[in-house]
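# Notes for the structure review
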Amino acid sequence: MEKVIIMGSGPAGYTAAIYACRAGLSPLIISGNVLGGQAGLTAEVENYPGFPEAISGFELMERMKQQAERLGTRVVIDEVTAADLSSRPFKLTTHGSNYETEALIIATGVAPRKLGVPGEKEYTGRGVSYCATCDGFFYKGKTVAVVGGGDAAVEEALYLSRLADKVYVIHRRNRLRAQQIAQDRARRRENISFIWNSVVRAILGAETVNAVLLNNMESGEESTLPVDGVFIYIGSDPNTRLFVGQLELDANGYIVTDRRCHTSVPGVFAAGDVQELVLKQIATAVGTGAIAAMEADKFLAELEDRAYPPRQ
């Protein structure tokens, strides 16, 4: 039996753990299938306060993990496969164990959205990737395409441009949505080119990817672009499959919370990208992680008839 379990090991999860430790709750983190979450896969983080020289996402998440563990957090490298939120204690099943907890903080984040085109599934791991930090090394001296026009797409294109000979950024519109500073940097990079108003209709190859089939949305013209790899950054979907029918979700599957990170089930809280609709950033995830932990402690304090706020 745990007082509080945190699902997810990204910035929201680690921050929730840090605050929960300081409240004396001895939290348990169940990491999920990506230790450090999506933030840990980011090549460089330039907009998190306190790091003027930028820091890799992996290093930032490792520092958060070390801080949480130093304060008393236990981190289990496992993934929750089933959850029963119908009554307290809440019951969680992982690949390796069963858990019960009086309070639950869900910080499961989001997963990369798929294009849903022919060849994508077949060539995943053989030329199709959703993580430049993970796979960029394999494309040294080669030609790659990045699909998308937001912050992630542009930032990862910049990362790939240091490894690949040529990087094409394919975007369905005629201008990017990324922050201006990243756009300007990408436009100055000589080996980055932009293909506007175009979508990928298919990913082609033999044993590995060798081209993408493009469709120009203005002219209707189709063309084939030879590439060795395709990196897809077209948004994300929340990791909330386990909570369908148990928690209130919005039309896109995000967990509905109030301003205090309360979900529709008392004792269950959500933080980070899994409930963030306005700005999915490390800074916002950290803020909601802190709120969720303090609200979980307040919930437990009422159950245990103890004083609140906790010691600092």
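Residues numbered from 1 in each chain as written. Predicted model: local features only at pLDDT ≥ 70, side-chain atom pairs only at ≥ 80, totals over all residues. Heavy atoms only, no water.

Looking at the secondary structure, you find Ala111 in strand 7 (residues 110-112). Sequence separation between Ala111 and Lys142 is 31 residues, and the spatial gap between their C-alpha atoms is 27 Å. With residues near it in sequence (within four places) discarded, Ala111 still touches Gly235, Ser236, Asp237 and Asn239. (Helix = DSSP H or I, 4+ residues; strand = E, 2+ residues; numbered from the N terminus. Contact = heavy atoms within 4.5 Å.)

To continue, consider the nonpolar core. Judged by nonpolar contacts, the single largest core of 35 residues is most densely connected at Tyr48, Leu60, Met64, Ile105 and Ile282. For this core, the elements supplying multiple residues, two or more each, are strand 1 (2-7), helix 1 (11-22), helix 2 (57-70), strand 6 (98-106) and helix 6 (282-304). For this core, the element with the highest residue contribution is helix 6, accounting for nine residues. Listed in part, the 21 residues of the second largest apolar core include Ala164, Leu176, Ala178 and Ala182. (Core = buried A, V, L, I, M, F, W, Y, C linked by side-chain atoms within 4.5 Å. Buried < 20%, exposed > 50% of the residue type's maximum accessible area, 1.4 Å probe, protein only.)

Residue position: Gly136 is located in the loop between helix 3 (132-135) and strand 9 (143-147). Filtering out sequence-adjacent residues up to four positions away, Gly136 remains in contact with Cys131, Leu160, Leu163 and Phe231.

It is worth spelling out the packing of aromatic side chains at this point. Per the counting criterion, the structure on display carries five aromatic pairs. With a centroid separation of 5.9 Å and 80° between ring planes, the pair formed by Phe137 and Phe138 is classed as edge-to-face. Taken together, a centroid distance of 6.3 Å and an interplanar angle of 75° make the contact between Phe269 and Phe299 edge-to-face. Separated by 30 residues along the polypeptide, Phe269 in strand 17 (residues 268-270) and Phe299 in helix 6 bring together distant segments of the chain. Considered together, Phe269 and Phe299 belong to a single accessibility category, that of buried residues. Stacked on the ring of Phe194, the Lys or Arg Arg187 has its end atom at 5.8 Å from the ring centre. (Phe/Tyr/Trp six-rings, centres within 6.5 Å; stacked < 30°, edge-to-face > 60°. Lys NZ or Arg CZ within 6 Å of the ring centre and 35° of its normal.)

What follows is about helix 4 (residues 151-161). Counted residue by residue, helix 4 has eight buried out of 11 residues, so it is predominantly covered. Listing the buried residues of helix 4 in full gives Ala153, Val154, Glu156, Ala157, Leu158, Tyr159, Leu160 and Ser161. Summarising the contacts, the buried residues of helix 4 are in contact with helix 3, strand 9, strand 10 (166-170), helix 5 (180-188), strand 11 (192-195) and strand 15 (229-232).

Next up on the list: the packing of helix 1 against helix 2. A pair of packed helices is captured by two measures, namely the crossing angle of their axes and the spacing between those axes. The geometry of helix 1 relative to helix 2 is characterised by a closest axis approach of 9 Å and an angle of 20° between their N-to-C directions. In terms of orientation, helix 1 and helix 2 fall into the roughly parallel class. For the pair helix 1 and helix 2, the sense of crossing is left-handed. Contact with helix 1, carried on its side by Pro11, Tyr14, Ala17, Ile18 and Cys21, involves Met61, Met64, Lys65, Gln67 and Ala68 of helix 2 and no other residues of that element. (Axes fitted to C-alpha atoms, helices over the stretch in contact; angles between N-to-C directions. Parallel < 35°, antiparallel > 145°, perpendicular 65-115°, else oblique. Left-handed = near helix turned anticlockwise from the far one by under 90°.)

Before going further, it helps to spend a moment on the sheet that holds strand 14 (residues 222-226). Pairing is antiparallel in the open sheet, where three strands are placed in the order 12-13-14. Because the sheet does not close on itself, it has two edges, and the strands there are strand 12 (198-205) and strand 14. When strand polarity is set aside, the average angle formed by the axes of neighbouring strands in this sheet is 25°. Pairing of strand 13 (residues 209-216) with strand 14, which is carried by five bridges, proceeds in the antiparallel orientation. Among the inter-strand pairings, Ala211 is bridged to a residue of strand 14, identified as Pro226. (Pairing = 2+ DSSP bridges.)

This is a description of form; function is not addressed.
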